[in-house]
Amino acid sequence: MSNTTAPIVRNSIQESISRLILPLNISIGFLGIQFAWAIQMGQMSPLLEKLGSVAWLTSLIWAAGPVTGVMVQPIVGKLSDNFRSRFGRRRPFLLTGAVLTALALIIMPNSPFLGQALNDILPIQFNYGLLIAALMLWVLDASINITQGPYRALVPDVVDKERQTTAYSMMSFTIGLGAVAAFLIAYKIDAMHNLFYLGAIAMLVAIGWTAFTTPEPSSLEMEIDDTDKNTGFLSLLAAPFTSIRSMPAEGLKLCFAHSFTWFGLMCLFVFFSVFVPKQVFGAVGADTPLYTEGVQWASLCYATFNIVCFMFSPLIGRLCHLFGKKAVHTAALLLMAASYLALYFMTGKEQVMIAMAFIGIGWATTLSIPFALLSDHLPKGKEGVLMGTFNIFIAAPGVLCSFLVGPIISVLGGNDAIAFLIGGASILVSALLMQRVTEDRSVMAEESALT
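Residues numbered from 1 in each chain as written. Predicted model: local features only at pLDDT ≥ 70, side-chain atom pairs only at ≥ 80, totals over all residues. Heavy atoms only, no water.

Observations concerning helix 6 (residues 128–158)
How we decide: Working definition: helices are DSSP H or I runs of at least four residues, strands are E runs of at least two. Numbering for both runs from the N terminus. Here the expected span of a helix is defined as 1.5 Å times the quantity of residues minus one. Burial status follows relative accessibility: with a 1.4 Å probe on protein chains alone, a residue under 20% of its type maximum counts as buried, one over 50% as exposed, and anything between as partly exposed.
The terminal C-alpha atoms of helix 6 lie 45 Å apart, and with 31 residues this matches the ideal 45 Å at 1.5 Å per residue to within 8%. Of all 31 residues in helix 6, 27 are buried, a share of seventy percent or more.

Laid out in structure tokens, this is it:
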């Protein structure tokens, strides 16, 4: 190699590495976020049932997540859009949410003990343990949303447009990896406390890594939208609703389609961990060894679901270049809907795991492609609030699911598998509505070279 060629090659390699390090550093925080979400998905419904909850009440308690998502993310997104500090406009929110999430994870598994302590000292006897667990679920969801809204907006802040699909697909990869770690640990660990404490540590370490390794510009130097600096109390409360008017028309089409995906996903997240021990393992009570075994198998199924997610995620950029983002996501949604239908009829634990593996493909594209599609249409200076607005269409269907699906299951005899029929139908509608969304494929050529 000539003396003149070597520096060029070396610089090219260094540039390629640096172009990948930034999306990777941004993505690592989702290891912690998804570790926390995985604990919630795998452990909350069984914990609530052990504290005396039933299907309709569990479903209503789960409304905590989507309700806080509707309110918190747009408000925090608006605050972070207009936040000025030498530390950046997103970083303070990432760290605050991480600390609050860790505290909620530490308190959550102690809710039975705290509930008993309250019964010992208060004159009125009540199921305080269930009340504390429900309240901590609200705190947990609100705290994660404080982090997650500004986190998603960090990508268009610091990543070139042609690399944003790569960044979001890397996020999908780390989301899968974080969830796999959480569910595999849950499969091996019987002590719920240790799992929740590990989640708190993972959240703090992973978000800390992203916050301190991502070179976020000082917000004093960034382009901030000067047309909407009203951050008064009433303005913030109205942000989840007024921000919808700011969403571009193509973005609203995507929001509407994506909402049906998340209605279906909530059906899975709320009921799968109790469906497996009761309908697959045949457990009669929540305090039986068979029920615990079923919950552990559900965790292993979730691990498989997420293993597929992070194995498939690196392929997303290339597939999107070849076939288009919309086509890839539509195919994954159709596969997910078919797998939901199959779950309803399955009774073998290996069959259930295979179905969850196929659902993992749709989970991978859901975590990346819609955000990449949305980034094509976001105006500068409003990324935070509009990412929060997008979350309304993720969270609001969850509210609807929480209020509808549990009571429907109770009325129809208590078979949790009914949730998968309802969820599968919703995901099918999402796949059909995706065909109305317009995508910009002009940046995909450079994107594919990086994935």
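Once the structure has been displayed, the description carries forward.
Digging into the environment of I75
Mapped onto the fold, I75 is located in helix 3 (residues 64–81). Sequence separation between I75 and I146 is 71 residues; the distance between their C-alpha atoms is 9.0 Å.

Structural notes on the packing of helix 12 (residues 325–345) against helix 16 (residues 418–433)
We count it as follows: Note on geometry: axes are lines fitted to C-alpha atoms, helical ones only across the stretch in contact, with angles between N-to-C directions running from 0 to 180 degrees. Roughly parallel covers angles under 35 degrees, roughly antiparallel covers those over 145, roughly perpendicular covers 65 to 115, and oblique covers all other angles. The handedness criterion is simple: a crossing whose near helix is rotated anticlockwise from the far helix by less than a right angle is left-handed, and one whose near helix is rotated clockwise is right-handed. We call two residues in contact when some of their heavy atoms are within 4.5 Å. Asp, Glu, Lys and Arg are counted as charged, while Ala, Val, Leu, Ile, Met, Phe, Trp, Tyr, Cys and Pro are counted as nonpolar; the rest, among them Gly, fall into the polar class.
At a minimum axis separation of 8 Å, helix 12 and helix 16 run at an interaxial angle of 165°. In this view, helix 12 runs roughly antiparallel relative to helix 16, as classed from their interaxial angle. In the packing of helix 12 onto helix 16, the handedness of the crossing is left-handed. Here helix 12 contributes T330, L333, L334, M336, A337, Y340, L341, L343 and Y344 to the contact with helix 16, which in turn contributes I418, F420, L421, G423, G424, I427, L428, S430 and A431. Looking at the contact of helix 12 with helix 16, its residues break down into 14 nonpolar, 4 polar and no charged.

Side note on the state of the cysteines
Applicable threshold: Pairs of cysteine sulfur atoms within 2.5 Å are identified as disulfides in what follows.
Tallying each qualifying case throughout the model produces 0 disulfides. A disulfide-free cysteine, C267 has its sulfur positioned 3.8 Å from the sulfur of C401, the nearest such atom. Looking at C267, the relative accessible area reads 0%, which means it is buried.

Some remarks on the environment of T101
In plain terms, the rule: Pairs of N or O atoms within 3.5 Å make up the polar contacts considered here, provided that, within protein, one atom can donate a hydrogen while the other can accept it, and that residues adjacent in sequence are counted only when both atoms are side-chain atoms.
Within the fold, T101 resides in helix 4 (residues 91–107). Assessed through its relative accessible area of 0%, T101 is described here as buried. Separated by 44 residues in the primary sequence, T101 and N145 have C-alpha atoms spaced 9.4 Å apart. Aside from chain neighbours lying at most four places away, what touches T101 is A36, L140, S143, I144 and M203. Of the polar contacts made by the side chain of T101, one reaches the backbone nitrogen of I144; its length is 3.4 Å.

A look at the pattern of salt bridges
Using the following cut-off: In the sections that follow, a salt bridge refers to a side-chain nitrogen of Lys or Arg positioned within 4 Å of a carboxyl oxygen of Asp or Glu.
A full pass over the atoms with the stated rule returns 2 salt bridges. The network of salt bridges with shared partners includes E49, K278 and D416.

Details of the nonpolar core
The test is simple: To define a nonpolar core, start from buried Ala, Val, Leu, Ile, Met, Phe, Trp, Tyr and Cys residues and group those joined through side-chain atoms within 4.5 Å.
Of all hydrophobic cores here, the largest spans 120 residues; its most connected members are L268, F269 and F272. Apart from the residues lying within four places of it in its own chain, the contact partners of L268 are Y302, F305, Y340, L343, M356, I359 and F420.

Some remarks on the environment of W62
Here W62 lies in the loop between helix 2 (55–61) and helix 3. Look at W62 and you get buried, because its relative accessible area is 3%. Taking the C-alpha atoms as reference points, W62 and L137, 75 residues apart in sequence, are found 7.8 Å from one another. Once residues within four sequence positions are removed from consideration, W62 is found in contact with Q40, M41, M44, S45, L48, L137, M266, F269, V270 and S402. A polar contact of 3.0 Å, which involves the side chain of W62, links it to the side chain of S45.

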